[in-house]
Amino acid sequence: MQVSLTADEIAAIVRPQATRGATTEAIRTIASLEDAAAGDLSFLGNAKYKPQVASSKASIVLLPLDYDGEPAPNQLFLLLERPSAALAQLCIRIEQALWPKPAPGIHPTACIAPGARIAASATVGPLCVIEMGAVVGERTHLQAQAFVGRGATVGDDCWFMPGVAISAECIVRNRVRLHAGVVVGADGFGYEFSGGRHVKVPQVGIVVIDDDVEIGANSTLDRARFSRTVIGEGTKIDNLVQIGHNVTVGRHCIICAQTGISGSSTLEDYVVLGGQVGVSGHIRVGRGAKAGGQSGISANVEPGLSVNGTVALPYMLERRIQVLRKRLPDLFKRVEVIEEELKKSSAQ
Amino acid sequence: MQVSLTADEIAAIVRPQATRGATTEAIRTIASLEDAAAGDLSFLGNAKYKPQVASSKASIVLLPLDYDGEPAPNQLFLLLERPSAALAQLCIRIEQALWPKPAPGIHPTACIAPGARIAASATVGPLCVIEMGAVVGERTHLQAQAFVGRGATVGDDCWFMPGVAISAECIVRNRVRLHAGVVVGADGFGYEFSGGRHVKVPQVGIVVIDDDVEIGANSTLDRARFSRTVIGEGTKIDNLVQIGHNVTVGRHCIICAQTGISGSSTLEDYVVLGGQVGVSGHIRVGRGAKAGGQSGISANVEPGLSVNGTVALPYMLERRIQVLRKRLPDLFKRVEVIEEELKKSSAQ
Amino acid sequence: MQVSLTADEIAAIVRPQATRGATTEAIRTIASLEDAAAGDLSFLGNAKYKPQVASSKASIVLLPLDYDGEPAPNQLFLLLERPSAALAQLCIRIEQALWPKPAPGIHPTACIAPGARIAASATVGPLCVIEMGAVVGERTHLQAQAFVGRGATVGDDCWFMPGVAISAECIVRNRVRLHAGVVVGADGFGYEFSGGRHVKVPQVGIVVIDDDVEIGANSTLDRARFSRTVIGEGTKIDNLVQIGHNVTVGRHCIICAQTGISGSSTLEDYVVLGGQVGVSGHIRVGRGAKAGGQSGISANVEPGLSVNGTVALPYMLERRIQVLRKRLPDLFKRVEVIEEELKKSSAQ
């Protein structure tokens, strides 16, 4: 993000307790201490990078109060209790510049079916399609080319990026952020094998996405066979994640990229799944359980347990096995040696 | 899906052989015995849930003929030979309400290039793009924002959800259902390394999708280097699946979510692949073979064989290894003990 | 791809050093020796298929100069030094027919915001959205329904297939080909856990895609927390790949389908990752390193090293372990036998 903020504007945002030095540069971007050039702002968020401050070319550096070095010419040090929190404040301000609040209204190229209800404060961007009976809530922003199907409901203060598709009758509650290409409410994957063919089992349930959920680009969430596929309040889902039909994801879970959860499984609250994890169908993952990247979970996981591996095992056991696995060639040799020795001794 | 069906309407659909009790509630949704509330219909599809019937709050319950309990007040039991089949009948009816047959015609916002041929009975929804020379068959329904490229052919009775893209010259036969975001005919991933750079190998083949195929949201199917990438009749593909160039998938296969099949591999008929399976290039998976979730298939699989694991092994062998794997720390200790003992005995 | 080229037209493209036989068939497609029918062109690219030439039904066959068989009636042999190179020439020509150069201009249904700058030689297809301040370079082609966000920059000679979305401020350099559904610049997946909730860390950096990159369908590239997510010159990325925030991918890398790279990791130049590989966060994969399909990389990889497996190990070690893994049931039995024997001998 290219911004342009003067040293004074930045000081007004981060409110340093002390300053050292001065710069005439306007800040155009944020960079690490090592990568920063003139016009960049940097920060010391982790003590291990302290040696990099002295050689950093950043025009402004956010530093902890106890930092005692001196700035270079045309360099400004802003001293604060928590440089990371100050950086976050700055990022929020930059985010507002990056994504300014859009004016309410419906773009003339959007297709709104008769009987759709769009709140007056909502923004429906170019080339969106809102089908019959759909509802779009207050201050919700559909960026562009989004689709809201027949009878679907989108709550207040949501933000859908380009190409998001919400299928018929699905429900998205409030303050939900869906990134580009998210598909909510594709059919669940259900067939019955009959007469040598897979006969489709109709998928007539819906998806419900609760408040404050965020879902990453091109993730897919299937509608229930009947009843509901549910994503609980505050849960964050990364890109390219697959949520099967009738899955229940609890509140405040974290699901990293490319993970897949098969039909009818349940994640209780505060579950954390790494990237590329697979969860089999009809599994229950207990509250606060964690799974490492690429784990395969094919049995229930106790609340609070950390698991890893395929098939997933308790974290420390899997770690031990990973170490021993490397020594398998050695173990096979050792057993051979033993066998030889026993043969010799029995031959005596 | 929210519907509203009276008890009489439901009885007309499922045709019970006997009834017990009565309800004045209109049925709004289907739910499990345990989750059901007033206004819900439930069913006993599996004998193990029989104890839940007595306490179910469902207004209507579909039950097998031999069920002998009594309904609660304002509760109706419908007794049938096969409650699951009756439920399926009901779901088909609800599906028709969920997805009513659209009126034929081309939405005024759709972009139809000169020379595209759209059947009179087809429905082309808002903001679709049909390029020059493309063909859309009888009763086919493009929901919205779909793309059919130059010279591509879509057969009869297909249904494409929002954002489906069919690339130039590809062929989709009849009764094919593509969920939102499916990409048919992206370039195969082929390069030749020359002069320190990867030089693109043109991908000038096509994709052919045969009758009665269904493909889940955001799945991708690459066009052949030359000739054809083929998906056989009746095959069902889940979400986020990758089909490489020149792959041949046989008839009536099942490919679960996030599975990837590398270039030039062949699945014979009736193959079943779990979720997140990887198939290497130039592999043949025999008729009726099955692979468990997250399997890595890097060698041919015999017809009818079930495999699992990475690298995939016959199912029972992999299961045995998964058990032994957990006991590796123990095995290493046992071998150490043996070595100690032998050392002592040889020292004597 | 269906073309129609006479024998003379094909000879003019591939320039054979000698010919044998003749055909009156026009060539409509390319096929393997085995699959070819009348009207197909085939080729002998690999000596092991030599026995198939004699029985091939192809109307034209590209053959090495030293091939000494005779063509069938109505069959033409074109003899060349490198049949594969000749085939590539032919494919390039077919590709040009498949994707003819579009006329420059902006389709009347495209939404171009005030202040967007579109080069006069660019082609903006139907139903594209170009937001305020975005730039589209010379001869760049947006096929249809693409999105270029506020202040984003697309260079010269790019080609974006339907539904590509470039988020605000991101930079795509020159000759970049993005397949359908690619999302550039979704938010990175960053939260801080506070008060029992995951609080969003603003993602205010951008994505920079350098010259000559190609990215497959429905892949997703996240914008940096701050600073840049970078894809280096000449790198080729397959379908459904996930690139996390602040990742740096070097020049001329190959990343196969469904691979995911977690936040802040770096691939140096010429890295090759197979399909479904997972790279943990904050990892460095050295120049020219290679990882097999489904590998899990959770520690730095030395330049030039080939790794495989989860957790990834050097290629030959992993291969040995995969063999021994199959023999684990046998090893456990052998150790039991040894233990029995020792027990017996100590009881003596």
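A quick note: this is a predicted structure, and the numbers were derived from the prediction, not measured. (Residues numbered from 1 in each chain as written. Chains lettered and ligands numbered in written order. Predicted model: local features only at pLDDT ≥ 70, side-chain atom pairs only at ≥ 80, totals over all residues.)

I tried to follow the overall build of chain A on my own but got confused; where do I start?
Of regular secondary structure, chain A possesses four helices and 38 strands. For 348 residues, the compact-globule estimate of 2.2 N^0.38 gives 20 Å, and the C-alpha radius of gyration of chain A, at 27 Å, exceeds that figure by more than 25%. Seen through its principal axes, chain A has C-alpha atoms that stretch 90 × 75 × 30 Å. For chain A, the proportion of its 348 residues judged to be buried stands at 55%. Sequence separation of at least 24 residues holds for 21% of the intrachain contacts in chain A that already meet a minimum separation of 6. (Helix = DSSP H or I, 4+ residues; strand = E, 2+ residues; numbered from the N terminus. Rg over C-alpha atoms; globule rule 2.2 N^0.38 Å. Buried ≥ 20, exposed ≤ 12 C-beta atoms within 10 Å, placed from the backbone. Contact = placed C-beta atoms within 7 Å.)

Would you explain the sheet that holds strand S10 (residues 129-130) of chain A in this entry?
All names here are of chain A. Pairing within the open sheet is parallel, and its 10 strands lie in the order S7-S10-S13-S16-S19-S24-S27-S30-S33-S36. Looking at the sheet topology across the chains shown, the edges are occupied by strand S7 (111-112) and strand S36 (296-297). Pairing between S7 and S10: two bridges, direction parallel. Looking at the pairing, Cys111 lines up with Val129 of S10. (Pairing = 2+ DSSP bridges.)

Is there a simple way to explain the pairing of strand S25 (residues 228-231) of chain B in this structure?
Each regular strand carries side chains that alternate between the two faces of the sheet. Residue and element names in this part refer to chain B. In S25, alternate side chains face the same way, and those of Arg228 and Val230 on one face and Thr229 and Ile231 on the other are all buried. Sheet topology places strand S22 (residues 206-209) next to S25; four bridges connect them, and they run parallel. Pairing of Ile209 across the sheet is with Ile231, part of S25.

Whenever I open this one, the relation of the copies chain C and chain B confuses me. Can you help?
Note that the two copies of the chain are related through a rotation about an axis and a translation along the same axis. Overlay of chain C on chain B (RMSD 0.1 Å): rotation 120 degrees, translation along the axis 0.0 Å. Viewed as a symmetry operation, the transformation between the two copies matches a three-fold axis. The overlap is low: 17% of the interface residues of chain C also sit at the interface in chain B, so different surfaces are used on the two sides. (Least-squares fit on C-alpha atoms with pLDDT ≥ 70 in both.)

Even after reading the chapter, I still don't get the interface of chain A and chain B, so can you show me in this structure?
You'll often see interface size given as the accessible area lost when the parts meet. Opposite the 50 residues of chain A that make contact, chain B presents 53 residues. Breaking the side of chain A that touches chain B down by element, the ones donating at least two residues are strand S19 (183-186), strand S21 (197-200), strand S24 (220-222), helix H3 (315-326) and helix H4 (328-347) of chain A. Among the elements that make up the side of chain A that touches chain B, the one with the highest residue count is H4(A) (five residues). Here the residues of the side of chain A that touches chain B sort into 24 nonpolar, 18 polar and eight charged. (Nonpolar A, V, L, I, M, F, W, Y, C, P; charged D, E, K, R; others polar.)

Got a minute to help me understand the relation of the copies chain A and chain B in this structure?
Between chain A and chain B, which share one sequence, the superposing operator has a rotation angle of 120 degrees and an axial displacement of 0.0 Å; the RMSD is 0.1 Å. Here only 18% of the interface residues in chain A have copies in chain B that are interface residues too; the copies meet through unlike faces.

How do you make sense of the packing of helix H1 (residues 7-14) of chain C against helix H2 (residues 83-98) of chain C when you look at a structure like this?
Between two packed helices, what matters for the description is the angle formed by their axes and the separation of those axes. Residue and element names in this part refer to chain C. Taken N-terminus to C-terminus, the directions of H1 and H2 make an angle of 115 degrees; their axes are 9 Å apart at the nearest point. Of the possible angle classes, the one that applies to H1 and H2 is roughly perpendicular. Considering only the axes of H1 and H2, their crossing is right-handed. Contact with H1, carried on its side by Ile10, Ile13 and Val14, involves Ala86, Gln89, Leu90 and Arg93 of H2 and no other residues of that element. Partitioning the contact of H1 with H2 into residue classes produces five nonpolar, one polar and one charged. (Axes fitted to C-alpha atoms, helices over the stretch in contact; angles between N-to-C directions. Parallel < 35°, antiparallel > 145°, perpendicular 65-115°, else oblique. Left-handed = near helix turned anticlockwise from the far one by under 90°.)

What is the right way to look at helix H1 (residues 7-14) of chain B in this model?
For an α-helix, the turn length of 3.6 residues means that residues three or four places apart are oriented alike. Residues and elements named next belong to chain B. Residues of H1 that are buried: Ala7, Ile10 and Val14. Angular distribution of buried residues about the axis of H1 spans 65 degrees; they occupy a single face of the element. For H1, the exposed residues set more than 90 degrees away from the buried face come down to Asp8 and Ala12. Downstream of H1 by a residue or two, Arg15 has a phi angle that is positive, lying close to 50 degrees. (Arc of directions from axis to C-beta.)

Explanation requested: the interface of chain C and chain B in the structure shown.
Contact with chain C, which involves 53 residues of that partner, is made by 50 residues of chain B. Among the elements that make up the side of chain C that touches chain B, the one with the highest residue count is helix H4 (residues 328-347) of chain C (seven residues). Split by residue class, the side of chain C that touches chain B holds 26 nonpolar, 19 polar and eight charged.

Which parts of the structure should I look at to understand the sheet that holds strand S25 (residues 228-231) of chain C?
Hydrogen bonding along the main chain pairs the strands of a sheet, whether they run parallel or antiparallel. Residue and element names in this part refer to chain C. One open sheet accounts for nine strands, arranged S8-S11-S14-S17-S22-S25-S28-S31-S34; its pairing is parallel. A single partner strand is all that each edge strand has here, and the edge strands are strand S8 (117-118) and strand S34 (284-285). By the bridge criterion, two bridges tie strand S31 (residues 266-267) to S34 in an arrangement that is parallel. Bridging from a neighbouring strand, Thr266 pairs with Arg284 of S34.

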